[in-house]
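Now for the letters of each chain:
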Amino acid sequence: MSLVSMIRELEKARAGGYAVPCFDTFDMMGAAGIISALEARRAPGIIGLYTRWMEQTEGRAFVQLVRAMAEDATVPVSLVLDHGASFEHCVKALALGFSDVMYDGSKLPLDENIAQTKLIVRAAHAVGAGVEAELGHVGSGHDYQSFGALGKGFTDPAAAERFVAETGVDALAVAIGTAHGQYQGEPRLALDLLAEIRARVAIPLVLHGGSGLAATQFRNAIEGGVAKINIFTELAIEARDRLLAEAGRGEATLLSLLAQVREGFQHQCERHIDMFGAAGKATLDHDGQSGAEG
Ligand SMILES: [Zn+2]
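Structural notes, computed from the coordinates. (Residues numbered from 1 in each chain as written. Predicted model: local features only at pLDDT ≥ 70, side-chain atom pairs only at ≥ 80, totals over all residues. Heavy atoms only, no water.)

Around the zinc ion, the protein supplies His-83 (NE2), His-180 (NE2) and His-208 (ND1) as donor atoms, at distances of 2.0 to 2.1 Å. The motif formed by the donor residues of the zinc ion, counted along the single chain, is H-x96-H-x27-H. One end of the pair, His-83, is in strand β3 (residues 77–84); the other, His-180, is in the loop between β6 (171–174) and α7 (191–200), with 97 residues separating them in the sequence. A relative accessible area of 10% places His-83 in the buried class. What makes His-180 partly exposed here is its relative accessible area of 28%. (Donors = N, O, S within 2.8 Å, 3.2 Å for Na, K, Ca; no water. Helix = DSSP H or I, 4+ residues; strand = E, 2+ residues; numbered from the N terminus. Buried < 20%, exposed > 50% of the residue type's maximum accessible area, 1.4 Å probe, protein only.)

Before going further, it helps to examine unusual backbone geometry. Positive phi, normally seen in glycine, also occurs at Arg-42, with a value near 50°. Among the structural elements, Arg-42 can be located in the loop between α2 (28–41) and β2 (45–50). The phi dihedral of His-83 is positive, around 55°, even though this residue is not glycine.

Moving on, we get to the sheet that holds strand β5 (residues 130–135). The parallel closed barrel is built from eight strands, whose spatial order is β1-β2-β3-β4-β5-β6-β7-β8. This sheet shows a mean twist of 25° between the axes of neighbouring strands, independent of strand direction. The pairing of β6 with strand β7 (residues 205–207) spans two bridges and is classified as parallel. Bridge assignment links Leu-172 to a residue of β7, and that residue is Leu-205. Lying over the sheet, α2 contacts β1 (20–24), β2 and β3, oriented at roughly 160° with respect to β1. Lying on the sheet, helix α10 (residues 254–275) is in contact with β1 and β8 (226–231); it crosses β1 at an angle near 155°. (Pairing = 2+ DSSP bridges. Axes fitted to C-alpha atoms, helices over the stretch in contact; angles between N-to-C directions. Contact = heavy atoms within 4.5 Å.)

Laid out in structure tokens, this is it:
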């Protein structure tokens, strides 16, 4: 069984000069594609499940399914609540057996983000789970030209130093020019800002909205201290394109259609694992656990 907390994997990644991929999924075929890719490339990885699952009727069942798939994997896999919307969502996720949670208080005033994150760190650490938080705000690619391209909402290095010191958080998502979804125009990363943040913050940094960046941008970000990169849009696009192509073939069946989701996810996951330098980095300790504390 290799469900592990992401924290030690992120520290190993930073020391080793690579990044652990975090892939989101909304269904079982996507999850299977992610795990197949991690196993094929012998890479550690993270599966992200969006916070909305904490309110959906099928949420508990879906989490149990993905958790069992992670446990059965032969490489270290972490299960992380993505963009946890509240203390309640994070605690529910911990109770459902997530290995780690991300809490996103990035739209709150700094003091309130600190206060909320601190509470969640206490709850998560009590059960051996790690916490990622976000400072600065990673917005949507649709309006990239009105914020990311202008440097709006970026992480303030001094605030990051204070945030990490006061909350005790394990990883920090930063806003340095990425966005969720498809970009309007070309994404540009503020690498000088990343260097300033890294000089003040010792914990692994996280990049959300990785879909659409070039291989050199990923490399620069990793050299700048990023140890976890979130990807979803590229997985969704390839799965959709494959579904449409398969549907256009006369003899498509339900099963041949569903297989496209798995294959699309697997192909894009392998491509990103390779770009992040994570291939071959899955190492299990002698007791079969990979890096989980306890
Ligand atoms: Zn995100």
